[in-house]
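# Working through the structure, step by step
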Amino acid sequence: MEYHQGIILGILQGLTEFLPVSSSGHLVLGQTFFGITQSQLTFDISVHVGTLLAVLVVYSSDILAMISSVFGFLSKAVSFKPVAHLVKEDKNLQMAGLIVIGSIPTAIIGLVLKQFEHVLFTSEVLVGSMLILTGTILWVSRNYYFTDTKKSRFGNKKAFFIGIIQGLAVIPGISRSGSTIAAGMFMGLDRHTAAKFSFLLSIPAILGAQVLSIKDMISSGLIIDPVTIYATIASFITGLIALKMLLTLVHSGKFHLFAPYCWLIGSLVLLSKII
């Protein structure tokens, strides 16, 4: 892989990981465009770590608050002190619990679909079709921009369902951020809560996927070359910009504006296979 190819793919990963247009789908198309057919496992893991760091930076205060609440809960629990009130009153502890619940179906579905990755990540027709589906989901979401946080009840069932959607987003062409945020809004969550949960839920998902891939990466030879390093930096910087951009669009009720782009790219991909 040449330097310019690595940096462009890193930028592509950073932008599309958070913008609701499917990063996996765009990486498949990008590698196809550059004629890259060999496995780039180390590269893929590294650029995903770059975007993971972007989430950690943006949501650092929320993450630290949840960690503090969880440790506070555990310290009292092992000391046999009352903890029932913490579960009911501590919002950060509740959010941590919901992330755990949402991560369970994501992990199960992800492990199942991993067995078919040789098919999922090589079909441009699948990518095009799923991009059109993503665009449709985004467009429908324009009718669900709830803003009343008091009426936005968030419980275990909703977290579990969003986790299922995140698991299915492993399929290239389905936007993880787009589908999970839309799923939250479809179930009555206000757009702020839906976006926040979507990105916090992505942390264990991205981290877990990379941990599972490390074994394969080591067996194939752990070689992190300069191209990979530059690409990772590019994915972090562009990911940071894209994440803040998407949050602005969600909060302003313009999340659905990415739908035409998904329809256009998806249609062009399908037409290229027909013509």
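These lines cover the structure that appears in this document, whether it is placed above or below. (Residues numbered from 1 in each chain as written. Predicted model: local features only at pLDDT ≥ 70, side-chain atom pairs only at ≥ 80, totals over all residues. Heavy atoms only, no water.)

Evaluation of the coordinates by the stated rule reveals one salt bridge. As a salt-bridge pair, K196 and D62 come within 3.0 Å of each other at their nearest N and O atoms. In this pair, K196 is assigned in helix α11 (residues 191-219) and D62 in helix α4 (residues 60-78), connecting sequence segments 134 residues apart. Given a relative accessible area of 28%, K196 falls into the partly exposed group. (Salt bridge = Lys/Arg side-chain N within 4 Å of Asp/Glu carboxyl O. Helix = DSSP H or I, 4+ residues; strand = E, 2+ residues; numbered from the N terminus. Buried < 20%, exposed > 50% of the residue type's maximum accessible area, 1.4 Å probe, protein only.)

Taking 1.5 Å per residue, 16 residues should reach 22 Å; helix α13 (residues 259-274) reaches 23 Å between its end C-alpha atoms and fits that length. Along α13, the residues classified as buried are A259, C262, I265, G266 and V269. Projected down its long axis, α13 shows its buried positions confined to an angular sector of 140°, all on one face. Next to the buried residues of α13 lie α2 (23-33) and α8 (124-140). (Expected span 1.5 Å × (residues − 1). Arc of directions from axis to C-beta. Contact = heavy atoms within 4.5 Å.)

What follows is about a nonpolar patch on the surface. Together, Y3, I7, I11, L15, I229, Y230, I233, I237, I241 and M245 make up a nonpolar patch on the protein surface, roughly 870 Å² of accessible area in all. The set of elements that each furnish at least two residues to the nonpolar patch consists of α1 (3-18) and α12 (226-251). Tallying contributions element by element places α12 first for the nonpolar patch, with six residues. Within the secondary structure, I233 is located in helix α12. (Patch = residues over 30% accessible without salt bridge, like charges linked within 9 Å, V, L, I, M, F, W, Y side chains within 5 Å. Areas by Shrake-Rupley, 256 points an atom, 1.4 Å probe, with all protein chains shown as cover.)

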